[in-house]
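Here is what each chain is made of, one letter per residue.
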Amino acid sequence: MALLTTDINLAIMALQNDDIIGLPTETVYGLAGNIYSEKAIKKIFETKKRPFFNPLIVHIKNIDYLDVVAQNIPAKALLLAQHFWPGPLTLLLDKRADVPNIVTADKPTVAVRIPSHPMALALLQQLNFPLAAPSANPFTSISSTTAQHVKEYFDKELDIILDGGECKKGIESTIVGFTGDDVIIYRLGTITETDLEKIVGEVSIYIGQDDKPIAPGMLLKHYSPKTKTVLLENDVNLQLNNLAIKKIGALVFNKKIDDERIVEQEILSKASNLEEAAKNLYASLHRLDKSDLAIILIELLPNEGIGKSINDRLRKAVN
Ligand code: TXA
Ligand code: MG
């Protein structure tokens, strides 16, 4: 059974013993292990049922540590790191040879970030190794934004889950890579295209083949509830008529849909605040998924800024 705790020392002991833990970050909870422990890294993949071709993000304690895991760091990468770290930005950089290939799925690059959650930072500062941590959810499932979510998924598999409360940002980090002088966003997050452009000038968003993604976070099915999920169409009435089923739920942006056939609704932000919507996203999906519904209707958000990043998750949650 997994223990929810705020005692960092318990986490340190587990990690030094090649075990993995539930780790709070400002984005989502992670399943964390020592990057140099083959046993821990294998356990991460097994626990998540994640295919080995899908690489992990390496979490480091400070910017100086970049040189321990990465090399040939582009000037623009350094600028972004200086500006956004600690924080929800992951950089794809040339890996150093001694970063184990199992962590990076044999790629020549390593994904790196410094998380800003105080508990994650305090933990990293007391360790003499970085932590590989994918999101703490089974492959393709809804990510975890509370310690309780992690426990519901992995009560048997984990001994220690650090309880750092609700994640402040609520969606995964923005992933950015560098090709020549180009800066490319591979996964959208709460640090937006506009935020990045203020620091390094023009950036582009990677559009790839979904079956062969560079960042497999771009796999088509992801962040998915167990309950059948469909996007809400413009004509709600017609859509509900066509569905002709009971136990319909909905995830909406700022106000409930006025139709009594929808028995359960989650509002992401009454104030239409996109940051608040991101923070509430996964907890709302978890609640709907536990409500014994036949179907969940999902309303897309305004497709700008963080709204675009949330919509990316919502489109993939549709199963
Ligand atoms: O906010 C986050 O980034 C959270 C917290 C725990 O830090 N972590 C997270 O990890 O979302 P994960 O494993 O669920 O997503 C990491 C994404 C995956 O899509 C993976 O394929 C991509 O990063 N990735 C990791 N290393 C990569 C690499 N070398 N090249 C391309 N993509 C990489
Ligand atoms: Mg994930």
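Within any chain, residue numbers begin from 1 and follow the written order of that chain's sequence. Working convention: letters from A go to chains and numbers from 1 go to ligands, in the order in which they are written. Note on the predicted model: pLDDT of at least 70 is required for a residue's local features to be given, and 80 or more for side-chain atom pairs to be given and counted; whole-chain, interface and lining totals, by contrast, use all residues. Water and hydrogen atoms play no part in the side-chain values, which are based on all heavy atoms of the structure.

> Tell me about the side chain of Thr47, and please be specific about residues and values.
Counting from the N terminus, the helices are the DSSP runs of H or I reaching at least four residues and the strands are the DSSP runs of E reaching at least two. Counting through the fold element by element, Thr47 comes out in helix H2 (residues 38-48). Three labels apply to residues, based on accessible area from a 1.4 Å probe with only protein chains included: buried if under 20% of the type maximum, exposed if over 50%, partly exposed otherwise in between. Given a relative accessible area of 9%, Thr47 falls into the buried group. A polar side-chain atom of Thr47 sits 2.6 Å from the main-chain carbonyl oxygen of Lys43. Residue contacts follow a heavy-atom distance rule, with two residues in contact if any of their heavy atoms lie within 4.5 Å. Apart from the residues within four sequence positions on either side, Thr47 is in contact with Ile20, Leu31, Phe154 and Glu157. Contacts described as polar in this section are N or O atom pairs within 3.5 Å, which, within protein, must combine one atom able to donate a hydrogen with one able to accept it, while residues neighboring in sequence count only if both atoms come from side chains.

> I'd love a proper account of the domain arrangement of the chain, names of residues and values included.
Domain assignment breaks the chain into domain 1 (3-205) and domain 2 (229-318). How far each domain reaches was decided by an automatic or database domain assignment. Of note, the centres of domain 1 and domain 2, computed from C-alpha atoms alone, are 28 Å apart. Counting from both sides, the interface comprises 22 residues of domain 1 and, opposite them, 15 residues of domain 2. Between domain 1 and domain 2 lies a buried interface of about 1,500 Å² when both sides are counted; carbon and sulfur atoms form 59% of it. Considering only the surface of domain 1 that becomes buried against domain 2, Ile142, Ile171 and Leu188 emerge as the three largest contributors, covering 36% of it. Salt bridge criterion: a side-chain nitrogen from Lys or Arg within 4 Å of a carboxyl oxygen from Asp or Glu. Taken together, domain 1 and domain 2 are joined by 4 salt bridges. Close ionic contact of Glu172 with Arg313 constitutes a salt bridge, the shortest N to O distance being 3.1 Å. At the junction of domain 1 and domain 2, the tally comes to 8 residue pairs in polar contact (both at pLDDT 80 or more). Take the accessible area each of two parts loses on contact, using a 1.4 Å probe, and add the two losses: that sum is the buried area.

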